[in-house]
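As a plain string of letters, each chain reads:
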Amino acid sequence: MYEYQKDKIYFAQVANDIRELAAEELSELGAREIRSEYGGVYFNAEKEALYRTNYSTRLASRILAPLMSFHCRTTDELYKKAKKIKWTDFISLKKTFAIFANVSNSMINNSHYASLCLKDAIVDSFREMSGERPDVDSGDPDIWLNLYIRKDHAIISLDTSGGSLHRRGYRKDSVSAPMQETVAAAVIKYSQWDGSVPLYDPMCGSGTLLCEALMHYCKIPSGIFRERFGFEFLPDYDKPLWTKVKKELDRQIRQLPDRLITGSDISPETVNIARTNITHLPHGGKIKLDALDFKESEGLHNGVIITNPPYGVRMGDRQTLDLFYESLGDFLKQKCKGSSAYIYFGEREFIKKIGLKATWKKPLKTGGLDGRLVRYDLF
Ligand SMILES: C[S@@+](CC[C@H](N)C(=O)[O-])C[C@H]1O[C@@H](n2cnc3c(N)ncnc32)[C@H](O)[C@@H]1O
């Protein structure tokens with residue numbers, strides 16, 4: 001019996017800043033006994049909840065099913081333990097696999113070498129049995145395995161998501177600084193927007209925030225375009241149960257009212273990219289998009305503004321950016337009365353340039369940026 005079968009505990013990899021938010025989401029999806037750890041949350045789930053969380057989570061990057069954990073100080077020990085796993089339970093000769101290793105504060109200190117040892121154990125197990133071996137494909141494998149070693153404690157897991165869940169499949173085209181989908185989903189969740197008032201992104205870029213808002217409102221499962229999940233390779237995979245879970249969640253998808261979600265961007269090419277991405281999603285055609293400088297926009301009274309303004313060198317010198325953020329503050333004050341605005345700042349120093357009193361600020365790091373999400377209530 002593998003570890004996940006014994007105690008039904010899984011690990012959801014989640015960015016540290018949004019673990020609390022993810023714990024709430026996972027609990028809504030049926031996870032129990034949620035416990036926060038560095039890099040994610042542990043939770044207990046029956047198979048049905050495991051399938052549901054994989055199909056619907058907007059905040060977790062992957063969900064790992066631990067197969068075996070053990071004290072491990074040398075790569076020799078790692079190899080020997082790994083050979084005890086009956087790898088044919090998960091991998092067949094026709095399938096490809098890849099190993100992702102993360103090693104810290106341990107005698108084994110090279111994650112690449114550790115992953116090679118695990119790979120050798122798997123390949124040798126097959127060779128000894130049949131003389132043949134499955135192939136490794138680190139780009140797009142059928143089976144993703146995870147090796148985590150911390151303080152000389154190793155955990156070998158199967159990635160039940162089958163690759164990072166932030167790849168929703170709607171991003172057909174991109175711009176230079178797109179938001180990561182899980183971060184955009186966190187922004188939408190922090191805003192508590194429920195569709196009772198309109199939502200507007202005046203600097204929509206490739207439309208990530210709009211896509212996540214649409215998926216949230218219409219209850220579109222985050223994995224709607226995913227062709228295969230890693231849990232399909234678990235030995236106790238229950239296909240009829242997965243079909244049932246998927247059907248139930250797909251049935252909940254609802255229409256998007258006209259003009260509930262709108263977006264604009266100064267660049268016509270970028271708006272075209274956003275349109276391509278958004279219309280890929282069910283009901284995406286109902287989102288109104290315009291090529292418009294936000295200063296020329298009518299704004300939005302009594303609604304929700306959610307946006308991720310530009311930052312960094314691409315926008316030119318500091319003075320230009322300072323003026324840009326001042327004018328964004330003026331736009332919100334004058335054209336968005338009665339609205340709440342959620343602005344994601346890639347660089348914190350611009351928060352003071354906007355000239356508005358923040359209701360709250362939340363750290364939200366992403367892709368090496370020490371970003372902040374700031375809420376403003378505009379009267
Ligand atoms: C950081 S990007 C937004 C990225 C977006 N969240 C995404 O996921 O693709 C900022 C966007 O602001 C747009 N922009 C810059 N100045 C603008 C202005 N004055 N009015 C409207 N959009 C503007 C840029 O064209 C760019 O697409």
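Residues numbered from 1 in each chain as written. Predicted model: local features only at pLDDT ≥ 70, side-chain atom pairs only at ≥ 80, totals over all residues. Heavy atoms only, no water.

(A) A look at the site of the ligand. As a matter of local geometry, the ligand sits amid 21 residues, with Met179, Ser206, Thr208, Asp265 and Phe294 nearest to it. Taking Ser206, its side chain carries an N or O atom lying 2.7 Å from an oxygen atom of the ligand. In this structure, Asp293 approaches the ligand through a side-chain N or O atom, which is 3.0 Å from a nitrogen atom. Considered on its own, the ligand offers 600 Å² of accessible surface; in the complex 91% of this is hidden by protein. For the shell around the ligand, the residue count by class is 13 nonpolar, five polar and three charged. (Near = heavy atom within 4 Å. Polar contact = N/O pair within 3.5 Å; in protein donor to acceptor, adjacent residues only side chain to side chain. Areas by Shrake-Rupley, 256 points an atom, 1.4 Å probe, with all protein chains shown as cover. Nonpolar A, V, L, I, M, F, W, Y, C, P; charged D, E, K, R; others polar.)

(B) Up close: the packing of helix α2 (residues 19–28) against helix α6 (residues 181–191). Interhelical geometry of α2 versus α6 gives an angle of 80° and a closest axis separation of 11 Å. In terms of orientation, α2 and α6 fall into the roughly perpendicular class. On the side of α2, the interface is formed by Leu21, Glu24, Glu25 and Glu28, while α6 contributes Ala186, Lys189 and Tyr190. By residue class, the composition of the contact of α2 with α6 is three nonpolar, no polar and four charged. (Axes fitted to C-alpha atoms, helices over the stretch in contact; angles between N-to-C directions. Helix = DSSP H or I, 4+ residues; strand = E, 2+ residues; numbered from the N terminus. Parallel < 35°, antiparallel > 145°, perpendicular 65-115°, else oblique. Contact = heavy atoms within 4.5 Å.)

(C) Summary view of the nonpolar core. The biggest cluster of nonpolar side chains holds 94 residues, and the ones touching the most others in it are Trp87, Phe90, Ile91, Ile122, Leu145 and Ile261. The element contributing the most residues to this core is helix α7 (residues 208–218), with eight residues. If you count residues domain by domain, this core takes at least three from each of domain 1 (3–159) and domain 2 (181–219 + 238–377). If we skip the residues at most four places from it in the chain, Trp87 touches Leu67, Ala82, Leu118, Ile122, Ser125, Phe126, Leu145 and Ile156. Counting 23 residues, the second-largest nonpolar core is a separate cluster that includes Tyr200, Leu321, Tyr325 and Cys336. (Core = buried A, V, L, I, M, F, W, Y, C linked by side-chain atoms within 4.5 Å. Buried < 20%, exposed > 50% of the residue type's maximum accessible area, 1.4 Å probe, protein only. Domains from an automatic or database assignment.)

(D) View of the sheet that holds strand β1 (residues 9–13). The mixed open sheet is built from eight strands, whose spatial order is β2-β3-β1-β4-β8-β7-β5-β6. The open sheet has two edge strands, β2 (32–37) and β6 (135–136), and neither has a second partner. Two elements, strand β7 (residues 143–150) and strand β8 (residues 153–159), share six bridges in a ladder whose sense is antiparallel. Residue pairing in the sheet places Arg150 in a bridge with His153 of β8. (Pairing = 2+ DSSP bridges.)

(E) Layout of the sheet that holds strand β15 (residues 372–377). Taken together, seven strands build an open sheet; the order of strands is β11-β10-β9-β12-β13-β15-β14 and the sheet is mixed. Edge strands, defined here as strands with exactly one partner in the open sheet, are β11 (288–291) and β14 (360–363). Strand after strand, the sheet turns through a mean of 15° between neighbouring axes, direction not considered. Of the strand pairs in this sheet, strand β12 (residues 304–307) and strand β13 (residues 340–345) are connected by four bridges, and their pairing is parallel. Residue pairing across strands places Thr307 opposite Ile343, the latter belonging to β13. In the packing of α6 onto the sheet, the strands contacted are β12, β13, β14 and β15, and the crossing angle to β12 comes to about 155°. The strands touched by α7 within the sheet are β9 (199–201), β10 (261–265), β11 and β12, with β10 carrying the most contacts at an inclination of about 175°.

(F) Molecular detail of the domain arrangement of the chain. Here the domain parsing of the chain yields domain 1 (3–159) and domain 2 (181–219 + 238–377). Placing the centre of domain 1 and that of domain 2 at their C-alpha centroids yields a distance of 33 Å. On the domain 2 side, the residues contacting the 15 residues of domain 1 number 21 residues. Both sides together, the interface formed by domain 1 and domain 2 hides about 1600 Å², and carbon and sulfur atoms give 62% of it. In this structure, Glu28 engages Lys189 in a salt bridge whose closest nitrogen and oxygen atoms are separated by 3.7 Å. Between domain 1 and domain 2 we count six residue pairs in polar contact (both at pLDDT 80 or more) in total. Contributions of two or more residues to the side of domain 1 that touches domain 2 are made by α2 and α3 (47–56). A breakdown of the residues in the side of domain 1 that touches domain 2 according to their chemical character gives six nonpolar, one polar and eight charged. (Buried area = accessible area lost by both parts, 1.4 Å probe. Salt bridge = Lys/Arg side-chain N within 4 Å of Asp/Glu carboxyl O.)

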